[in-house]
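Breakdown of the fold
Listed below, chain by chain, are the residues.
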Amino acid sequence: MSPDPVAVAERWTVKRLLKWTADHFIERRVCEPADAPKEARLLLAHVLGCPPIEVIVRYDDEPTADEKAKFKALIRRRTEGWPVAYLVGTREFYLLSYEVTPAVLIPRPDTETLVMEALNRLKGLPSPSVLDLGTGSGCVAISIAHQSKTASVTTVDVSPDAIEVAKRNAAKHGVSDRVTFLNGDLFAPVPTDAKFDAILSNPPYIAHGEFADLSPDVRDHEPRVALDGGPDGFAFYRRIASDAGRFLKPGGWLLVEVGWTQNDAVRGLFAANPDLELGPSAKDLGGRFRVVTARKKSG
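Description of the structure in this document. (Residues numbered from 1 in each chain as written. Predicted model: local features only at pLDDT ≥ 70, side-chain atom pairs only at ≥ 80, totals over all residues. Heavy atoms only, no water.)

Here's the deal with the overall build of the protein chain
Across its full length, the protein chain holds 11 helices and 10 strands. Over its C-alpha trace the protein chain gives a radius of gyration of 21 Å, about what one expects of a compact globule, namely 19 Å for 299 residues. For the protein chain, the residues scored as buried account for 52% of the 299 residues in total. In the protein chain, the proportion of contacts linking residues at least 24 apart, taken out of those at least 6 apart, comes to 65%. Surface summary for the protein chain: the accessible area is close to 14000 Å², and the carbon and sulfur share equals 53%. Across the protein chain, the centroid of the 38 positively charged side chains sits 2 Å from that of the 40 negatively charged ones. (Helix = DSSP H or I, 4+ residues; strand = E, 2+ residues; numbered from the N terminus. Rg over C-alpha atoms; globule rule 2.2 N^0.38 Å. Buried < 20%, exposed > 50% of the residue type's maximum accessible area, 1.4 Å probe, protein only. Contact = heavy atoms within 4.5 Å. Areas by Shrake-Rupley, 256 points an atom, 1.4 Å probe, with all protein chains shown as cover. Lys, Arg positive; Asp, Glu negative; His and termini not counted. Charge placed at Lys NZ, Arg CZ, Asp CG, Glu CD.)

So this is what it looks like as structure tokens:
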């Protein structure tokens, strides 16, 4: 193994630190080899207080001893399995930067498919109303409100800590006046007479038997409540399918993210609800079915 860059009394430039860190992450199998340089840049940029792209133009700079010590501490925590997003406190999603803490699931690019599909269905509506179940960091709800300037979004999460993170993200992106935050379990805190043009959710969908196969950074650090989909992974889909019709306007849309093997089963759950008419499923950028859609029947 290469020597510890912080301990060696040599000139450790930004470029050299990045190279050592990426090699270290690969050697210790901290992440996929292709991701190692990016993770190193994100961590060092956080320490230096600059955008990750700026790190590249500072290759010849030498961080201070204090900065190197902070970087070393982050390298150690990442090697122990802590996700980069929690270490730096942010994650990019749908063109915006979101605060993330261990109280919320880290936003993934796959979930951007849910946002895109929802926005496509809200086009043309003068003031769409949207319900986001299990909002977490608020990334889906806030992205909708940010892109659809007349939309009003109601969010629900069972975790009070997650709600606080989402509130800060809404304020950061200037949409607090159009986003309502409710603490509770799925539809429980939603007013019984509320009706929405779209209901969205990226619910927990990991089956109990699948937790052992998750990567340690997900299994050991992301909130279990945001991952645990019950014994077979479909507990929340059953509840959403059962109750969504009561809260949708006629013609309103239900859109949920699913695991890559769950499309057919979730479509079956939605098809069994007499209030709903199945729509097309949407694929993510990897070509896997990621979003199941259904529509409230008009009759």
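Here's the deal with the packing of helix 2 (residues 36–48) against helix 4 (residues 65–79)
Each packed pair of helices is defined by two parameters, the angle between the axes and the distance between the axes. Relative orientation of the contacting elements helix 2 and helix 4 amounts to 140°, with a least axis distance of 9 Å. By the angle between their axes, helix 2 is oblique relative to helix 4. Note that helix 2 runs across helix 4; the crossing there is right-handed. Every residue of helix 4 that contacts helix 2 at E39, A40, L43, L44, H46, V47 and L48 is listed here: E67, K70, F71, L74 and R78. (Axes fitted to C-alpha atoms, helices over the stretch in contact; angles between N-to-C directions. Parallel < 35°, antiparallel > 145°, perpendicular 65-115°, else oblique. Left-handed = near helix turned anticlockwise from the far one by under 90°.)

Side note on the packing of aromatic side chains
Per the counting criterion, the structure on display carries 3 aromatic pairs. Where F187 meets F247, the ring centres are 4.9 Å apart and the plane angle is 10°; that geometry is what we call stacked. Of this pair, F187 sits in the loop between strand 5 (179–183) and strand 6 (196–201) while F247 sits in helix 10 (residues 235–247), and the two are 60 residues apart along the sequence. Between F234 and Y237 the ring centres are 6.2 Å apart and the planes differ by 50°, which places this aromatic pair in the tilted class. Y237 carries the same exposure label as F234, and that label is buried. Here R16 stacks its cationic end above the ring of W12, 3.9 Å away from the centre of that ring. Across the ring face of W260, the terminal group of R288 is positioned such that the distance to the ring centre comes to 4.2 Å. (Phe/Tyr/Trp six-rings, centres within 6.5 Å; stacked < 30°, edge-to-face > 60°. Lys NZ or Arg CZ within 6 Å of the ring centre and 35° of its normal.)

Overview of the pattern of salt bridges
Tallied over the full model, the rule gives 19 salt bridges. Note that D185 and R239 form a salt bridge whose closest N and O atoms lie 2.7 Å from each other. In this pair, D185 is assigned in the loop between strand 5 and strand 6 and R239 in helix 10, connecting sequence segments 54 residues apart. For R246, the salt bridge identified is with D243, shortest N-O distance 3.8 Å. Separated by 3 residues within a single helix, R246 and D243 lie in helix 10, roughly one turn from each other. Take R246: its relative accessible area is 42%, and that puts it in the partly exposed class. (Salt bridge = Lys/Arg side-chain N within 4 Å of Asp/Glu carboxyl O.)

Considering the nonpolar core
Core analysis: the biggest nonpolar cluster contains 32 residues, and I199, L254, V256 and F270 have the highest contact counts within it. Counting residues per element, the ones that place at least two in this core are strand 3 (129–133), strand 6, helix 10, strand 7 (248–257), helix 11 (263–271) and strand 10 (289–296). If you tally residues by element for this core, the top one is helix 10, at 6 residues. Apart from residues no more than four positions distant in its own chain, F270 is found in contact with Y237, A241, L254, V256, L276, L278, V292 and A294. (Core = buried A, V, L, I, M, F, W, Y, C linked by side-chain atoms within 4.5 Å.)

Details of the state of the cysteines
Every disulfide links exactly two cysteines, by a covalent bond between their sulfur atoms. Taken as a whole and assessed by the stated rule, the structure comprises 0 disulfides. C31 takes part in no disulfide bond, and the closest cysteine sulfur, belonging to C50, lies 19 Å away. The buried category is assigned to C31, whose relative accessible area is 15%. (Disulfide = S-S within 2.5 Å.)

Describing the side chain of S201
With respect to the helices and strands, the residue S201 is situated in strand 6. Within the structure, S201 has its side chain in polar contact with the backbone oxygen of L133 (distance 3.0 Å). When near neighbours in sequence (up to four residues on either side) are disregarded, S201 contacts L114, D132, L133, I240, L255, V256 and E257. (Polar contact = N/O pair within 3.5 Å; in protein donor to acceptor, adjacent residues only side chain to side chain.)

Some points on the environment of P223
Tracing the backbone through its elements, the reader meets P223 in the loop between helix 9 (216–219) and helix 10. Owing to a relative accessible area of 12%, P223 belongs among the buried residues under this scheme. Measuring from C-alpha to C-alpha, the distance between P223 and V100 comes to 12 Å, with 123 residues separating the pair along the chain. Residues in contact with P223, not counting those within four places in the same chain, are Y86, P102, A103, V104 and L105.

Looking at the environment of S159
Following the sequence through the fold, S159 ends up in the loop between strand 4 (152–157) and helix 8 (160–172). Each C-alpha atom, one on S159 and one on Y86, is 17 Å from the other, the two residues being 73 residues apart in sequence. With near-sequence residues (within four places) excluded, S159 lies in contact with A103 and N183.

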